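A look at the structure
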Amino acid sequence: MVMEKVDLNLVYERPESLTETTTHYCPGCTHGTAHRLVAEVLDEMGIREKAIGVAPVGCSVFAYDYFNHDFVEAAHGRAPAMATGIKRVRPENTVYTYQGDGDLASIGMGEIVHAAIRGENITVIFINNAIYGMTGGQMAPTTLPGMKTTSSPLGRDVEIVGYPVRMAEMLATADGASYVVRQSLHDPAHVRKAKKAIRKAFEVQERGLGFSIVELLSACPTNWGLTPVEALHFVRDNMVPYFPLGDYKVIDEVAKLRV
Amino acid sequence: MEKSIIVSGFGGQGTLFAGQVLAYAALDAGKYVTWIPSYGPEMRGGTARCTVTISDEEIGSPLTRNPAIVLAMNLPSLDKYEPLMQPGGLMLANASLINRKMDRSDVRGIYIPAARMAEEIGNPRLANMIMVGAMLAAEEVLPLDVVKEALENHLPERHKKTLPMNFQAMDQGAAFVKDAIAA
Amino acid sequence: MAKELLKGNEAFAEAAVRAGVEGFFGYPITPASEFLEYMAKRMPALGRAFLQAESEIAAIHMVYGAACAGKRALTATSGPGLSLMSEALSYIAGTEVPAVVVNVMRGGPGLGNIAPSQSDYNQMVKGGGHGDYFPIVLAPATVQEAIDYITLAFDLADKYRSLVFIVVDGNLGQMMESAELPPMRELRKEPPEWAVYGAKDRDPNILTSIYIDPPDEEITNIRLLKRWMEIEKNEVRYKEYDLDDAEVAVVSFGVAGRVCSSAVKTAREEGIKVGLFRPITVAPFPFKQIEALSKRVKRILVVEMNTGQMLDDVKRAVGGRVPVEFYGRIGGVTPFPDEILDEIRRINESEDAIEDGMEKVQWLERLEERIARGE
């Protein structure tokens with residue numbers, strides 16, 4: 001057998017927009033995937049040096065330790081307001097928030113809705129894993145009906161606590177929103193689609209086209225009580241049907257973008 | 001010397017603006033001055049009131065319980081301030097809307113049919129300037145020409161064409177008082 | 001620049017503009033709304049950021065963001081708005097970024113009313129938000145002082161990376177007074193080195209109020225406290241009137257203080273040896289100066305437009321050396337000079353000791369009599 005001589009190409013490396021460190025995320029958590037996708041996009045677009053991230057309160061509270069660019073840490077839910085303040089005085093910078101479902105869809109509902117209504121020229125990365133991770137697995141605004149959490153031990157009873165909120169659908173109704181999309185991180189094909197959406201969202205901001213948000217369905221194996229693989233299947237089988245994937249708002253100028 | 005002047009009446013009678021004209025004039029005359037409107041609960045019942053304090057020295061309280069001069073554009077204003085006025089003070093009453101004289105004898109009262117005189121000039125809203133002219137003739141507060149200049153400088157642009165009428169109103173207010181004193 | 005007749009809120013706003021504010025974020029509330037309205041015209045005309053936020057919560061977080069971006073930023077509000085802002089104020093303090101907040105105080109608690117009040121003294125001076133932090137609080141009494149101290153507020157905020165409050169009451173916000181505005185300052189060209197503006201040719205800057213390890217938070221708390229001690233040493237400001245030979249001292253801040261100055265003037269004409277001490281920084285509070293004062297007067301009268309909030313600080317400074325009396329009007333009522341004059345006359349004759357706490361009981365009796373008289 002003759003060994004064929006091949007050139008060794010580097011096909012995978014740490015994006016410059018990520019720091020060289022170990023994250024605190026649990027095994028099987030998709031925050032790491034989402035972080036990497038954002039970092040790859042910042043690298044590819046060459047905007048790391050002007051990026052300013054706004055971290056939420058939640059599991060990704062320490063996102064600023066993992067991204068290799070300027071970062072601020074917001075109060076719970078207020079990241080869109082803080083990002084607004086930054087973007088309004090530094091329009092030349094790329095400003096984005098990275099928020100979870102408790103942060104964005106519960107306590108920060110007012111801030112995210114008004115940022116969208118204003119057409120604030122920022123990008124929002126919204127991690128929807130249907131649970132409060134950092135505080136130990138309580139019911140989130142996006143917790144599915146019947147889903148057990150530490151604060152809905154018998155399963156979410158919609159008769160008592162109401163229904164999950166579909167943020168992408170809601171924000172798509174805002175005249176100020178330019179690009180609203182929901183993708184999922186449960187398998188490689190969807191991860192690729194998610195990256196494309198993130199890229200487009202940042203392109204929207206770079207072109208001054210207004211408010212962009214990418215909702216990413218994510219897994220929380222620890223608080224769901226599932227293995228990492230089971231958790232990804234849970235996203236596919238239970239979350240995707242309730243939170244359908246796809247573009248919810250794409251204004252004409254955004255539709256023309258080639259990403 | 002410090003003088004506190006209250007201009008008081010219904011909303012729409014130009015009381016706040018009359019006070020502002022005096023305040024601008026006081027500034028032009030090199031005095032210390034404060035102008036403070038009644039706002040909040042005092043606005044109940046549509047009354048509009050401001051206190052103007054003019055002084056040769058830095059002003060402490062911008063408000064006073066016992067004013068030296070009151071321009072009462074309506075009866076509730078006269079009723080309110082008659083008992084509060086400083087002894088030796090000056091009450092100018094818009095006699096067109098005020099059907100009584102003051103009971104106090106230690107306060108000078110000038111009763112001037114300001115609303116009727118204003119209508120004769122051609123605009124009932126000039127009553128405030130008639131009262132201002134009358135006050136300046138009755139009490140040495142500020143020179144009339146300084147107040148006129150202040151009015152010219154601070155009358156909103158859209159009202160500039162009414163400047164001659166405003167001057168006329170001040171002059172007639174002043175003339176009324178001079179006649180009354182001479183009589 | 002010559003003196004002009006300036007309306008309080010508008011003059012304060014223009015002072016902020018001239019001090020180089022690059023971001024104003026606010027929400028309408030009486031009696032501070034003219035500030036917002038003025039900025040709505042002025043800031044865009046200068047190409048600077050103005051935004052009416054969806055709430056006071058959002059407004060102050062926008063200020064927080066702009067401050068992190070290294071720009072001078074402020075908001076103006078009144079008590080109910082301040083309560084909503086408490087969250088971000090604590091974060092701003094914890095992140096150690098400079099920001100200026102103007103509180104045009106009105107009557108409370110609750111919705112209260114829109115009339116002038118000083119009842120947010122404790123809220124401002126003692127914090128209001130969670131955690132150990134120490135805002136600088138400036139309490140001007142005239143339109144000119146407010147203009148001057150808004151300029152100073154930005155300088156102090158930058159110097160100490162601190163939160164600075166300007167507290168005025170509705171009287172000062174609504175009144176017109178002759179005053180002079182400072183010249184327009186040039187905007188800062190280079191961002192402060194700690195700010196977020198893009199990590200080009202440097203390591204990333206991270207601005208946060210999290211110190212997850214208690215020892216790290218402890219060190220942070222020590223740093224904040226030491227900085228505050230430095231502020232206490234350097235930045236105490238106050239004004240004295242007729243105190244040289246005074247036997248009675250009035251202590252009062254803001255508009256209440258200037259009302260007292262009128263009463264003191266009249267009392268002097270009557271031959272009463274009385275003077276006025278008016279703190280301008282209510283935080284840092286002039287403890288040492290009032291302590292010294294208490295060693296040379298016989299009696300002290302504290303006057304506030306609240307139920308005696310600064311009174312506690314004055315009593316701490318006086319340390320029981322001389323009797324401290326209190327007079328206040330509350331609920332949005334501004335005292336007239338004659339009320340303070342009555343108090344000065346009474347106190348000048350009084351030799352009675354006052355048991356701790358009784359100064360308020362006695363004041364309430366006198367106040368209720370006065371209210372019964374229709375005053």
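Below, the structure is looked at part by part. (Residues numbered from 1 in each chain as written. Chains lettered and ligands numbered in written order. Predicted model: local features only at pLDDT ≥ 70, side-chain atom pairs only at ≥ 80, totals over all residues.)

A word on the sheet that holds strand 15 (residues 324-328) of chain C. All names here are of chain C. Within the open sheet, the 5 strands sit side by side as 10-12-11-14-15. Their pairing is mixed. The open sheet has two free edges, formed respectively by strand 10 (238-241) and strand 15, since each of these has just one partner strand. Across the sheet, the mean angle from the axis of one strand to that of its neighbour is 20°, orientation sign disregarded. Bridge count for strand 10 against strand 12 (residues 274-279) is 4 bridges, and the pairing is antiparallel. When the sheet's bridge partners are listed, Tyr238 is paired in strand 12 with Pro279. (Pairing = 2+ DSSP bridges. Helix = DSSP H or I, 4+ residues; strand = E, 2+ residues; numbered from the N terminus. Axes fitted to C-alpha atoms, helices over the stretch in contact; angles between N-to-C directions.)

Turning to the pairing of strand 8 (residues 211-217) of chain A, a few remarks are in order. Taken residue by residue, a regular strand's side chains alternate between the two faces of the sheet. Residues and elements named next belong to chain A. In terms of residue burial, strand 8 counts as a mostly covered element, since 7 of its 7 residues are buried. Alignment of strand 4 (residues 123-128) against strand 8, held across 6 bridges, turns out to be parallel. Bridge pairing in strand 8 places Phe126 opposite Glu215. Two elements, strand 7 (residues 177-184) and strand 8, share 7 bridges in a ladder whose sense is parallel. Considered in strand 8, the bridge of Ala177 is made with Phe211. In the classification by handedness, the crossover that spans strand 7, the intervening helix 8 (residues 188-206) and the parallel strand 8 is right-handed. (Buried ≥ 20, exposed ≤ 12 C-beta atoms within 10 Å, placed from the backbone. Right-handed = clockwise from strand over helix to strand, strands pointing away.)

With 35 residues of chain C in contact, the opposing surface of chain A contributes 28 residues. Secondary structure elements with two or more residues in the side of chain C that touches chain A: strand 2 (23-26), strand 3 (49-52), helix 3 (56-68), helix 4 (79-95) and strand 9 (206-207) of chain C. Element by element, the count of residues in the side of chain C that touches chain A is highest for helix 3 of chain C, at 9 residues. With 2 bridges connecting them, strand 2 (residues 70-73) of chain A and strand 9 of chain C associate as parallel partners. (Contact = placed C-beta atoms within 7 Å.)

With that out of the way, let us pick up the interface of chain C and chain B. At the interface, 22 residues of chain C touch 19 residues of chain B. Going through the elements one at a time, helix 7 (170-174), strand 8 (176-179), helix 9 (254-269) and helix 12 (337-349) of chain C are the ones with two or more residues in the side of chain C that touches chain B. For the side of chain C that touches chain B, the leading source of residues is helix 9 of chain C, giving 5 residues. When grouped by side-chain class, the residues that make up the side of chain C that touches chain B number 9 nonpolar, 8 polar and 5 charged. Note that strand 2 (residues 32-37) of chain B and strand 8 of chain C share 2 bridges and pair antiparallel. By the bridge assignment, Trp35 of chain B is partnered in strand 8 of chain C with Met176 of chain C. (Nonpolar A, V, L, I, M, F, W, Y, C, P; charged D, E, K, R; others polar.)

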